[in-house]
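One-letter residues, chain by chain:
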Amino acid sequence: MEQQLKELQTEALAKAEAAEDLKQLNDIRVAYLGKKGPITEVLKGMGKLSAEERPKMGALANEVRAAVASAIETKQTALEQQAIKKQLEKETIDVTLPGRPVKSGNQHPLTKVVEEIEDLFISMGYSIAEGPEVETDYYNFEALNLPKGHPARDMQDSFYITEDILLRTHTSPVQARTMEKYQGQGPVKIICPGKVYRRDNDDATHSHQFTQIEGLVVDENISMGDLKGTLEVFAKRLFGEDREIRLRPSFFPFTEPSVEVDVTCMCGGEGCRICKHTGWIEILGAGMVHPNVLEMAGFDSKKYTGFAFGMGPDRIAMLKYGIDDIRHFYTNDVRFLTQFAEHE
Ligand code: PHE
């Protein structure tokens with residue numbers, strides 16, 4: 001029996017030592033130390049032993065159990081530490097690896113141009129005014145000398161929501177709203193940037209949604225000369241000091257006289273595809289604020305005069321960046337947009 005117990009001990013210790021993981025080790029524990037294990041089995045033969053031998057065998061069996069238990073314990077600690085070590089190795093961070101770049105967005109080209117124009121006019125003492133995109137017929141048309149049924153309304157095909165409410169077709173209603181706020185007291189010197197909407201079939205140069213920046217100056221003794229000088233400074237600062245502007249007579253119901261303003265093309269006047277071989281590019285509409293518009297907004301048109309202009313930043317951005325399709329601004333393909341990032 002002694003022999004059997006010793007063999008069991010050797011066997012169990014070897015197995016414990018060879019265990020590869022905690023599960024195997026636990027199986028060994030159950031197999032050798034469990035109630036139905038081989039040690040208990042061997043001890044069943046105790047009845048056949050003499051009275052002196054029995055306690056000796058009992059003590060030996062306990063020693064074997066203790067030895068096996070302690071071997072399993074030692075192995076368990078070793079296996080656990082091994083597992084922790086493995087995990088740590090797997091999770092180590094190599095601080096010398098280059099980081100993954102975080103993708104950051106960039107300003108939309110239109111926003112860039114709008115902000116550039118805003119800064120330019122702010123530097124000339126203008127402030128920024130904003131108004132609603134969902135506008136009343138009154139501010140979008142009537143207050144701008146375009147009564148209901150006026151044929152010039154056809155120039156701006158509109159999205160009506162009700163008979164009296166529409167998506168604004170230009171930023172000019174902000175002029176009318178702002179003038180009302182000033183309650184007949186000049187000077188007014190504002191620019192109004194914003195989105196506008198017109199019923200149009202979208203193509204490379206037309207979009208049913210686009211942006212405008214309106215400018216308005218109302219004060220005593222404001223003349224066409226002030227308008228021309230202002231626009232000249234604007235065009236040179238935005239496009240380059242070598243550029244010239246010219247004014248052509250035009251018509252807008254809210255200005256009288258009205259002009260269309262061209263800037264010399266980047267081809268230097270030789271003629272190219274962009275200027276359609278004329279050397280000039282149209283950039284905005286402008287004029288002296290119509291006395292009716294001043295009066296409707298509460299200004300005395302005998303005391304006050306003013307000029308207004310309206311430009312399309314979409315067109316300006318297209319010229320500035322050589323973009324050939326206005327729809328790019330609104331489809332927002334990141335491959336297009338990221339070309340305007342200032343840093344990588
Ligand atoms: N609101 C005009 C348009 O959209 C532009 C404009 C503004 C013309 C101010 C003259 C003065 O066509």
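Above this text sits the structure in question.
Worth saying up front: this structure is predicted, and the values here are computed from it rather than measured.

> Hey, could you go over empty space enclosed by the protein for me, with residue numbers and the actual values?
One pass over the structure, following the stated rule, counts one cavity of 30 Å³ or more. What the largest cavity holds in volume is close to 40 Å³. Contributing to the lining of the largest cavity are L146, A152, M155, Q156, F252, P253 and F254. Broken down by class, the residue content of the lining of the largest cavity amounts to six nonpolar, one polar and no charged.

> Please set out the nonpolar core residue by residue, giving values where relevant.
The biggest cluster of nonpolar side chains holds 43 residues, and the ones touching the most others in it are I117, F234, L284, F309 and M311. When residues of this core are traced back to their parent elements, those giving at least two are helix 5 (109-122), strand 5 (209-219), helix 8 (224-239), strand 7 (255-264), strand 8 (280-289), strand 9 (305-311), helix 10 (313-321) and helix 12 (334-337). Discounting residues that sit within four places of it in the chain, F234 has contacts with I117, L120, F121, I283, L284, M311 and I316. Counting residues in each nonpolar core, the second largest holds 25 residues, with A129, A176, V188 and A297 among its members.

> I'd like a description of the packing of helix 1 (residues 2-18) against helix 2 (residues 22-33), backed by residues and values.
Here helix 1 crosses helix 2 at 165°, and the two axes come no closer than 9 Å. By the angle class used here, helix 1 and helix 2 are roughly antiparallel. Pair helix 1 / helix 2 crosses with left-handed handedness. Along its contact with helix 1, which presents L8, E11, A12, K15, A16 and A18, the element helix 2 presents Q24, L25, I28 and Y32. Taken together, the residues of the contact of helix 1 with helix 2 sort by class into seven nonpolar, one polar and two charged.

> Now, about the state of the cysteines: what can you tell me, with residues and values included?
Counted under the stated rule, the structure contains zero disulfides. For C267, which is in no disulfide, the shortest distance to another cysteine sulfur is to C265 and amounts to 3.7 Å. Looking at the unpaired C275, the closest cysteine sulfur is the one in C265, lying at 3.7 Å. Residue C275 is classed as buried on the basis of its relative accessible area, which comes to 3%.

The rules we used
- Residues numbered from 1 in each chain as written.
- Predicted model: local features only at pLDDT ≥ 70, side-chain atom pairs only at ≥ 80, totals over all residues.
- Heavy atoms only, no water.
- 1 Å grid on protein atoms, 1.4 Å probe; cavity = no way out; pocket = protein on both sides within 12 Å on 5 of 7 lines; lining within 4 Å.
- Points joined across faces, edges and corners; volume = space filled by probe spheres on them.
- Nonpolar A, V, L, I, M, F, W, Y, C, P; charged D, E, K, R; others polar.
- Core = buried A, V, L, I, M, F, W, Y, C linked by side-chain atoms within 4.5 Å.
- Buried < 20%, exposed > 50% of the residue type's maximum accessible area, 1.4 Å probe, protein only.
- Helix = DSSP H or I, 4+ residues; strand = E, 2+ residues; numbered from the N terminus.
- Contact = heavy atoms within 4.5 Å.
- Axes fitted to C-alpha atoms, helices over the stretch in contact; angles between N-to-C directions.
- Parallel < 35°, antiparallel > 145°, perpendicular 65-115°, else oblique.
- Left-handed = near helix turned anticlockwise from the far one by under 90°.
- Disulfide = S-S within 2.5 Å.

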